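# Inside the fold
Single-letter residue listing:
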Amino acid sequence: MNGGAPTIEHLLRTEAPQVLGALVRRFGQFDIAEDAVQEALLAASRTWPADGVPENPRSWLIRIGYRKMVDLLRSEQARRRREQETGLAELAMREPARDAGPPPNVDDSLTLLLLCCHPALSPTSQVALTLRAVGGLATAEIAHAYGTTESTMGTRISRAKQQLARAGARFTPPGADDRDSRITAVTRVLYLIFNEGYTTSSGDRLTRVDLTQEAIRLTRMLRATLPADDAMTAEVTGLLALMLLTEARHAARTGDDGELVPLEEQDRTRWNRDLIREGTELIDSVWPLRRLGPYQIQAAIAALHATAPSPGQTDWPQIAGLYLWLERLTPTAPVRLSRVVAVAQAYGPERGLALLDDLNRTHHLDQNPLTHQRERAVRAHLLQMTGNTTGAAAFYRQAATLTDNHVEQRYLHDKADHLDPPDRR
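No experiment lies behind these values; they were computed from the predicted model shown. (Residues numbered from 1 in each chain as written. Predicted model: local features only at pLDDT ≥ 70, side-chain atom pairs only at ≥ 80, totals over all residues. Heavy atoms only, no water.)

### Here we look at the overall build of the chain
The condition is simple: Under the scheme used here, helices are H or I runs from DSSP no shorter than 4 residues and strands are E runs no shorter than 2 residues, and both carry numbers assigned from the N terminus. Summary of the burial criterion: residues with accessible area below 20% of their type's maximum are buried, those above 50% are exposed, and those between are partly exposed, where the area comes from a 1.4 Å probe applied to protein chains only. Here a residue-residue contact requires only that any non-hydrogen atoms of the pair lie within 4.5 Å. Calculation of accessible area relied on Shrake-Rupley with a 1.4 Å probe; when residues are assessed, cover is drawn exclusively from the protein chains displayed.
A tally of helices and strands in the chain yields 20 helices and 2 strands. When burial is assessed residue by residue, the chain has 51% of its 425 residues classed as buried. Counted over contacts in the chain with a minimum sequence separation of 6, partners at least 24 positions apart contribute 66%. Of the accessible surface of the chain, which amounts to about 20,200 Å², a share of 50% is contributed by carbon and sulfur atoms.

### Remarks on the packing of helix α13 (residues 273-286) against helix α14 (residues 294-307)
Selection criterion: Only the stretch in contact is used when fitting a helix axis, every axis being a line fitted to C-alpha atoms; angles between N-to-C directions are given from 0 to 180 degrees. By the definition adopted for this analysis, an angle is roughly parallel if under 35 degrees, roughly antiparallel if over 145, roughly perpendicular if from 65 to 115, and oblique otherwise. Should the near helix be turned counterclockwise from the far one by less than a right angle, the crossing is left-handed, whereas a clockwise turn marks it as right-handed. Each residue is assigned to one of three groups, with Ala, Val, Leu, Ile, Met, Phe, Trp, Tyr, Cys and Pro labelled nonpolar, Asp, Glu, Lys and Arg labelled charged, and all others, Gly among them, labelled polar.
Contact pair α13 / α14: the axes reach a minimum separation of 10 Å and the direction vectors enclose 140 degrees. Taken together, α13 and α14 sit at an angle that is classed as oblique. Note that α13 runs across α14; the crossing there is left-handed. Across the interface between the two elements, Arg 273, Ile 276, Thr 280, Ile 283 and Val 286 from α13 touch Gln 296, Ala 299, Ala 300, Ala 303, Ala 306 and Thr 307 from α14. Along the lines of polarity and charge, the residues of the contact of α13 with α14 split into 7 nonpolar, 3 polar and 1 charged.

### What about helix α9 (residues 150-166)?
The condition is simple: A helix is expected to span 1.5 Å for every residue after the first. Summarising the geometry, the arc corresponds to the directions from the helix axis toward the C-beta atoms.
Taking 1.5 Å of rise per residue, the 17 residues of α9 would be expected to cover 24 Å, and the 24 Å separating its terminal C-alpha atoms lies within 8% of that figure. The set of residues buried in α9 consists of Met 153, Ile 157, Ala 160, Lys 161 and Leu 164. For α9, the buried positions fall inside an angular range of 95 degrees around the axis, keeping them on one side. More than 90 degrees from the buried face of α9, the exposed residues found are Ser 151, Arg 159, Ala 165 and Arg 166. Gly 168 sits one or two residues past α9 and shows a positive phi near 70 degrees.

### Considerations on the pattern of salt bridges
Threshold: A pair is scored as a salt bridge if a Lys or Arg side-chain nitrogen falls within 4 Å of a carboxyl oxygen belonging to Asp or Glu.
The final tally for this structure, using the stated rule, is 18 salt bridges. The partner of Arg 58 in a salt bridge is Glu 15, with the nearest N and O atoms 2.5 Å apart. Placement of Arg 58 in helix α3 (residues 57-74) and of Glu 15 in helix α1 (residues 5-27) is noted, with a sequence separation of 43 residues between them. Ionic contacts of the salt-bridge type, sharing partners, join the residues Glu 34, Asp 35, Arg 132 and Lys 161 into one network.

### Here we look at the environment of Ala 143
Examined against the element boundaries, Ala 143 turns out to sit in helix α8 (residues 139-145). Overall, Ala 143 belongs to the buried group, its relative accessible area being 2%. In this structure the C-alpha to C-alpha distance between Ala 143 and Gly 154, which are 11 residues apart in sequence, comes to 8.3 Å. Setting aside residues up to four positions removed in sequence, Ala 143 forms contacts with Thr 148, Thr 149, Glu 150 and Met 153.

### Some words on the nonpolar core
Worth spelling out the cut-off: Definition of nonpolar core: a set of buried residues of the types Ala, Val, Leu, Ile, Met, Phe, Trp, Tyr and Cys, connected through side-chain atoms within 4.5 Å. Where each domain begins and ends is defined by an automated method or by a domain database.
Counting 87 residues, the largest nonpolar core has Phe 30, Trp 48 and Leu 61 as the members making the most contacts within it. A per-element tally of this core places α1 first, with 10 residues. Looking at which domains feed residues into this core, each of domain 1 (1-79 + 109-167) and domain 2 (179-199 + 211-314) gives three or more. If sequence neighbours within four positions are ignored, Leu 61 has contacts with Leu 12, Glu 15, Val 19, Ala 40, Leu 41, Ala 44 and Trp 48. Residues Leu 304, Leu 322, Ala 333 and Leu 337 belong to the second largest nonpolar core, which totals 36 residues.

### Some words on the packing of aromatic side chains
Aromatic ring pairs: the centre-centre distance and the angle between the two ring planes describe each pair. Defined as follows: Pairing of aromatic rings covers Phe, Tyr and the six-membered ring of Trp, with a centre-to-centre limit of 6.5 Å; geometry is then stacked below 30 degrees between planes, edge-to-face above 60, and tilted otherwise. Note on criteria: charge over ring means Lys NZ or Arg CZ within 6 Å of the ring centre, with the direction from the centre no more than 35 degrees off the ring normal.
Taken as a whole and assessed by the stated rule, the structure comprises 4 aromatic pairs. Judged by centre distance (5.2 Å) and plane angle (65 degrees), the ring pair of Trp 48 and Trp 60 falls under edge-to-face. Taken together, the residues span a long stretch of sequence, with Trp 48 in helix α2 (residues 30-51) and Trp 60 in helix α3 at a distance of 12 residues. Here Trp 48 matches Trp 60 in class, with each residue buried. Pairing Trp 287 with Trp 325 gives two aromatic rings, centres 6.0 Å apart and planes at 75 degrees, and the pair type is edge-to-face. Linking Trp 287 in the loop between α13 and α14 with Trp 325 in helix α15 (residues 316-329), this pair joins segments that are 38 residues apart in sequence. Residue classification places Trp 287 among the partly exposed positions, given a relative accessible area of 25%. Its guanidinium or amino end placed over the ring of Tyr 347, Arg 351 lies 4.4 Å from that ring's centre, counting from NZ or CZ. The lysine or arginine in question, Arg 379, covers the ring of Phe 395, its NZ or CZ lying 5.9 Å from the ring centre.

### Looking at the environment of Gln 345
Inspection of the secondary structure assignment puts Gln 345 in helix α16 (residues 333-347). By relative accessible area, which is 33% here, Gln 345 ends up partly exposed. Placed 30 residues apart in sequence, Gln 345 and Asp 315 show a C-alpha to C-alpha distance of 9.5 Å. The contacts of Gln 345, once residues within four sequence positions are left out, are Trp 316 and His 381.

### Let's talk about the packing of α15 against α16
Two numbers describe how α15 lies on α16: the axes approach to 8 Å, and their chain directions differ by 155 degrees. Relative to α16, the element α15 is oriented roughly antiparallel. Note that α15 runs across α16; the crossing there is left-handed. Between α15 and α16, the residues in contact are Trp 316, Pro 317, Ile 319, Ala 320, Tyr 323, Leu 324, Leu 326 and Glu 327 and Val 335, Arg 336, Ser 338, Arg 339, Ala 342, Val 343, Gln 345, Ala 346 and Tyr 347, respectively. Classifying every residue of the contact of α15 with α16 by side-chain character gives 12 nonpolar, 2 polar and 3 charged.

See the structure below:
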């Protein structure tokens with residue numbers, strides 16, 4: 001026996017997908033098994049701090065999960081809908097060969113990630129189901145992270161599981177024809193989780209460390225399930241490197257008063273050098289493989305920022321070139337807008353503004369839901385660099401009205417008031 005709250009939390013998060021995999025493989029009922037696992041995790045969180053962690057925590061969780069699953073199958077609601085499944089479950093529990101003995105030597109992490117990121121689900125549902133089924137987070141935790149109620153999030157997760165059932169999704173690895181595309185969907189979900197944690201879409205906090213840390217943990221887990229020579233390993237490694245290099249700046253992104261500090265003004269001594277070292281080593285290890293994808297290019301950009309001794313020593317021409325490369329691979333509005341910033345830093349604000357105007361004419365960055373707020377903030381910054389303080393202040397204020405993150409709102413209003421105080425307007 002051994003204990004300790006951090007160890008218990010780590011164990012529960014690590015074992016959750018393995019326990020769920022064992023139950024789904026045995027009973028074939030993902031939706032009920034997922035509820036049973038949550039009950040088992042809750043039981044462990046209540047019991048282990050007092051009694052200590054069992055010698056074989058996975059077997060303990062599987063055993064409790066089996067019991068909870070049978071209870072759920074026997075419930076009045078389940079009896080009306082799953083009378084046949086209940087009988088099969090009881091038989092399964094009575095068969096010695098199918099008893100909850102030692103856990104199978106199978107890592108179900110990848111199969112579960114792929115199931116939770118099934119194409120039948122919306123991106124929002126994929127994120128919620130991944131955090132709950134694979135991450136082991138309680139519904140209340142996920143709801144809190146995304147600024148909604150527990151009942152609303154519970155409904156979303158329940159509907160996601162129903163959609164999987166209607167789509168005929170099975171707890172089996174994908175075929176060779178769609179495996180890479182399914183793993184790509186998983187990386188996109190993990191990227192969404194990290195981004196929501198890094199700059200929350202609403203509320204009084206700039207970041208949600210619980211989400212960024214969970215995204216990093218799940219990406220490490222995904223990378224560990226792939227062989228070193230797998231075609232997808234390089235890009236998953238790039239995603240992990242990108243997260244680490246970005247998370248390394250977390251402590252310097254806000255001041256002592258909790259207000260936002262832009263990249264060029266951050267105290268670089270507060271950056272996490274261990275994360276920077278690990279992230280840089282990861283991207284260096286896969287860059288020579290010439291299997292370059294979007295996450296690897298973004299990680300290379302993040303590495304250039306992280307290793308620059310000062311803002312003035314940042315290699316902006318190389319960053320601008322990498323963004324152009326990235327834009328050719330993923331021609332999205334956020335990537336195009338980031339290239340504008342890099343070009344302005346490398347070659348001057350006038351050139352950046354000209355590029356921004358051109359991209360607005362051809363791709364309407366100022367109207368795209370993904371960039372309409374940041375487009376105004378970028379334009380304001382470039383106008384400020386040219387000396388047009390009145391125009392910059394107006395666009396800072398426009399940008400402030402288009403975000404629900406209160407920290408970002410205050411930062412943008414402060415920038416505008418500094419350039420064009422209200423009493424002078």
